Amino acid sequence: MVLIGVLAGNLIGVLPGLGSAGTIALLLPITYALPPESAIIMLAGIFYGSAYGGTITSVLLKIPGEATTIVTTFDGHAMAKKGQGGVALGISAIGSFIGGTIAIIGLLFLAAPFAKLALQFGPPEYALLAFAGIILVSYLTNGAFLRGALVAGLGLLLATIGQDPVTGANRFTFGVPDLASGISFAAVAMGLFGIGELISSVEASKGKPQTALGYGRVLPNRAELRASSGPIARGSILGFLLGVLPGGGATIASMASYGLEKRLGKDRSRFGRGAIEGVAGPETANNAAANSSFIPLLSLGIPANTTMAVIFGALLLQGITPGPLLVSSHPEVFWGVIVSMFIGNIVLLALNIPLVKFFTRLLNAPMRFLAPITLVVTLVGVYSVNNTMFDVWVALAFGIVGYILKKYGFEPAPLALAFVLGPLLESNFRRSLLMSDGSFTIFATSPVALVALVAGAIFVAFLVIRRVAARSTSKHSPLRGTDSASIDSARQPRDKME
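Reading guide: rules and limits
Along each chain, residues carry numbers from 1 onward, in the same order as the chain's sequence is written. Only residues with pLDDT of 70 or above have their local features reported here, since the model is predicted, and side-chain atom pairs are shown and tallied only from 80 upward, although totals for entire chains, interfaces and linings are computed over all residues. Side-chain figures throughout are based on the complete set of non-hydrogen atoms in the structure, without hydrogens or water. Helix and strand labels come from DSSP, where a helix needs a run of H or I of at least four residues and a strand needs a run of E of at least two; each type is numbered from the N terminus. Only protein chains enter the area calculation, which uses a 1.4 Å probe; residues under 20% of their type maximum are buried, those over 50% are exposed, and those in between are partly exposed. Accessible surface is estimated by sampling points in the Shrake-Rupley manner with a 1.4 Å probe; for residues, cover comes only from the protein chains shown. Two rings from Phe, Tyr or Trp (for Trp, the six-membered ring) form a pair when their centres sit within 6.5 Å of each other. Planes less than 30 degrees apart are called stacked, planes more than 60 degrees apart edge-to-face, and all others tilted. Here, a charge over a ring means that NZ of Lys or CZ of Arg falls within 6 Å of the ring centre while also lying within 35 degrees of the ring normal. Any Lys or Arg side-chain nitrogen located within 4 Å of an Asp or Glu carboxyl oxygen qualifies as a salt bridge. A helix's residues, less one, multiplied by 1.5 Å, set its expected span. Only heavy atoms enter the contact rule, under which two residues are in contact if any of them lie within 4.5 Å. Put simply, a patch holds well-exposed residues, over 30% relative accessible area, that have no salt bridge, with like charges counted together within 9 Å and Val, Leu, Ile, Met, Phe, Trp or Tyr side chains within 5 Å. In this text, buried Ala, Val, Leu, Ile, Met, Phe, Trp, Tyr and Cys residues form a nonpolar core when linked through side-chain atoms within 4.5 Å. Buriedness of a pocket was judged along seven lines, with at least five required to meet protein on both sides within 12 Å; pockets are open sets of points on a 1 Å grid over the protein atoms alone, cavities are sets where a 1.4 Å probe fits but cannot get out, and lining residues have an atom within 4 Å of a point. Grid points are joined across faces, edges and corners, and a volume is the space filled by probe spheres set on the points. Three categories are distinguished: nonpolar for Ala, Val, Leu, Ile, Met, Phe, Trp, Tyr, Cys and Pro, charged for Asp, Glu, Lys and Arg, and polar for the others, with Gly belonging to the last. Each axis is a line fitted through C-alpha atoms, taken for helices only over the stretch in contact, and angles between the N-to-C directions span 0 to 180 degrees. By definition in this entry, angles of less than 35 degrees are roughly parallel, angles greater than 145 are roughly antiparallel, angles of 65 to 115 are roughly perpendicular, and the rest are oblique. Whether a crossing is left-handed or right-handed is set by the direction in which the near helix is turned from the far one by less than a right angle, anticlockwise for left-handed and clockwise for right-handed.

So, about the overall build of the chain. Regarding its fold elements, the chain presents 21 helices and 2 strands. Per-residue burial over the chain gives 53% buried out of 498 residues. Surface summary for the chain: the accessible area is close to 21,800 Å², and the carbon and sulfur share equals 68%.

Structural data, given as structure tokens:
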């Protein structure tokens, strides 16, 4: 199952468009026929396998197959232009292996203590944790907090459709029987991240044929390994820490690692022109974060990012509720996933270095052939979950929603995460108020809740101060008007990394 998952993840990462979240959503129906531990092990393999697959397109085509490999395009593609594409891919595989292994060791020792701590959590703590996860992912997804919060708000509204978690009454169903049990998460996920991304990919590829650059030798030499050792070590630690945070995940970890390496670099001008440190650090960090993001999912029942939200849905479909009781009630799932990651990292290293030539051939597959096949498979998968055409129409509708959101600069990730965490937030929030006879002071009575509130207040203050400082800087900037705006717009992605 590890081999199948990692290989599928690699293939999906190489083919731009679908992404790990969409692929896992696509395969949700297949998990019905598998034991729970086998299904989750396969889905986990797809998650961390796709992170490396996206590296190949980032380096050879300058197209990030995954959001986690956006920063790899900066120096990885520049290395490919110099004939060092193979070295960039080789150091990515080595860094991913080391970062993933370190994160798994941390997961091995921290997941169980986290679960024991979570047993002391009550409704107020869980409500605050769910709320914090939604807020963080709204901010960290693309840096535009207001846009992320609006999309997350839409996800929370959609989560209220169906039965009331306290009274059991139907709400917002408008007389439609199919809505009595709520909207299917599988249909939402497949629509947003499968069909929506597919439409965007077809539009982006129209009239733009891509030719992959050569990759040369794959294994780095001693000097290149020596230059990469520091970034790999720092990326492992940084990725592990950011992966644990709700809303953090592999994308933020890779961006933060690139910014750190550029600040620490002796010659910053090398970055963006083929610096191997700019590939080794981010690639290590995104794999470490991908592995460590399983800690909040398995021990707290809180998905840290969109893909974890889809895996959360897969566990629920198997009748397993992630959280502090998972260790004792389903130890084969809990420990099976952790042990499988050790095997998965070895398989990744063994697959990626010899199969670079094979994966690069897939890059020339035209989207006009891939898109219809993927769409049909997606819709068949949606139908097979509940055997109802209603879910197919829901998936198509959310595919259009996902496409529109992405086209106008809104990320769909906050919607999916808020949709998953919405029931958890609402039920625990209302239970807390029932316990306190409607008093909001219950959210500040325990140490965990109090720390969460203080951290939230600091975060809001940080956002306000940053916005005020940005406005003050723009007012005093010598470059104003249309030209300044266009310059800022062009520099925004790179400046955000710095």
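As a further point, take the packing of aromatic side chains. Counted by the stated rule, this structure contains 7 aromatic pairs. With a centroid separation of 5.9 Å and an interplanar angle of 90°, the aromatic rings of Y258 and F271 are classed as edge-to-face. Of this pair, Y258 sits in helix α10 (residues 249-264) while F271 sits in the loop between α10 and α11 (277-292); the two residues are 13 residues apart in sequence, bridging distant segments of the chain. Residue class for Y258 comes out buried when judged on its relative accessible area of 1%. Look at F429 and F443: their rings are 5.6 Å apart centre to centre, the planes differ by 15°, and that puts the pair in the stacked class. Here the residue F429 occupies a position in helix α19 (residues 413-435), and F443 occupies one in the loop between α19 and α20 (447-475), the gap between them amounting to 14 residues. Judged by its relative accessible area of 32%, F429 falls in the partly exposed class. Three or more aromatic residues link up through ring pairs in this structure, and these residues are F74, Y258 and F271. Sitting above the plane of the F410 ring, R147 keeps its charged end 4.8 Å from the centroid.

One pass over the structure, following the stated rule, counts 7 salt bridges. Of the charged contacts, one joins D164 and R171 as a salt bridge, the two residues approaching to 3.4 Å between their closest N and O atoms. Exposure class is identical for D164 and R171. Each is buried. Residues E426 and R171 are paired through a salt bridge, measuring 2.7 Å at the closest nitrogen-oxygen approach. Of the two residues, E426 is situated in helix α19 and R171 in strand β2 (residues 170-171); the sequence distance between them amounts to 255 residues. Assigned by exposure class, E426 and R171 land together as buried. Bridged by salt links that share partners, the residues D164, R171, E426 and R430 form one connected network.

Counted at 1.5 Å a residue, the expected span for α11 with its 16 residues is 22 Å, and the 22 Å between its end C-alpha atoms agrees. The element α11 is largely enclosed, with a buried count of 16 among its 16 residues.

Moving on to the side chain of S432. You can see S432 is positioned in helix α19. Residue classification places S432 among the buried residues on the basis of a relative accessible area of 0%. Ignoring any residue separated from it by four or fewer positions in sequence, one finds S432 in contact with P123, P124, I442 and F443.

Another aspect to go through is a nonpolar patch on the surface. There is a patch of nonpolar side chains on the surface, built from I105, L108, F109, L110 and W335 and spanning about 440 Å² of accessible area. Considering each element in turn, the nonpolar patch owes the most residues, 4 residues, to helix α5 (residues 85-118). Along the polypeptide, F109 turns up in helix α5. With a relative accessible area of 59%, F109 lands in the exposed category.

Residues L43, Y48, I183, F294, I311, F398 and L415 are the most contacted members of the largest nonpolar core, which totals 86 residues. Not counting residues up to four positions away in its chain, the partners in contact with F294 are A44, F47, L107, M308, I311, V337 and M341. The next biggest cluster of nonpolar side chains, apart from the first, holds 13 residues, and it includes L60, L89, I91 and I232.

What follows covers the layout of surface pockets. Empty space within the second largest pocket amounts to approximately 1,100 Å³. What lines the second largest pocket is a set of 46 residues, among which F312, L316, F419, V420 and P423 lie closest to the centre. Those elements that provide at least two residues to the lining of the second largest pocket are α7 (145-159), β1 (162-163), α8 (185-205), α13 (306-317), α14 (326-329), α17 (367-386), α18 (389-407) and α19. Counting residues per element, the lining of the second largest pocket draws most heavily on α19, at 8 residues. Among the residues making up the lining of the second largest pocket, the classes are represented as 27 nonpolar, 14 polar and 5 charged.

This brings us to α19. Across its 23 residues, α19 extends 33 Å between first and last C-alpha, which sits within 8% of the 33 Å expected from 1.5 Å per residue. Immediately beyond the C-terminal end of α19, within one or two residues, lies D437, with a positive phi of roughly 55°.

Here the focus is the packing of helix α4 (residues 72-81) against α11. Between two packed helices, the angle of one axis relative to the other and the distance separating the axes together describe the packing. Following both chains from N to C, one finds α4 and α11 inclined at 135°, their axes separated by 8 Å at the closest point. Classified by the angle between their axes, α4 and α11 sit oblique to one another. In the packing of α4 onto α11, the handedness of the crossing is left-handed. For the pair α4 and α11, the contacting residues are T72, D75, G76 and M79 in the first and G278, V279 and E283 in the second. Along the lines of polarity and charge, the residues of the contact of α4 with α11 split into 2 nonpolar, 3 polar and 2 charged.

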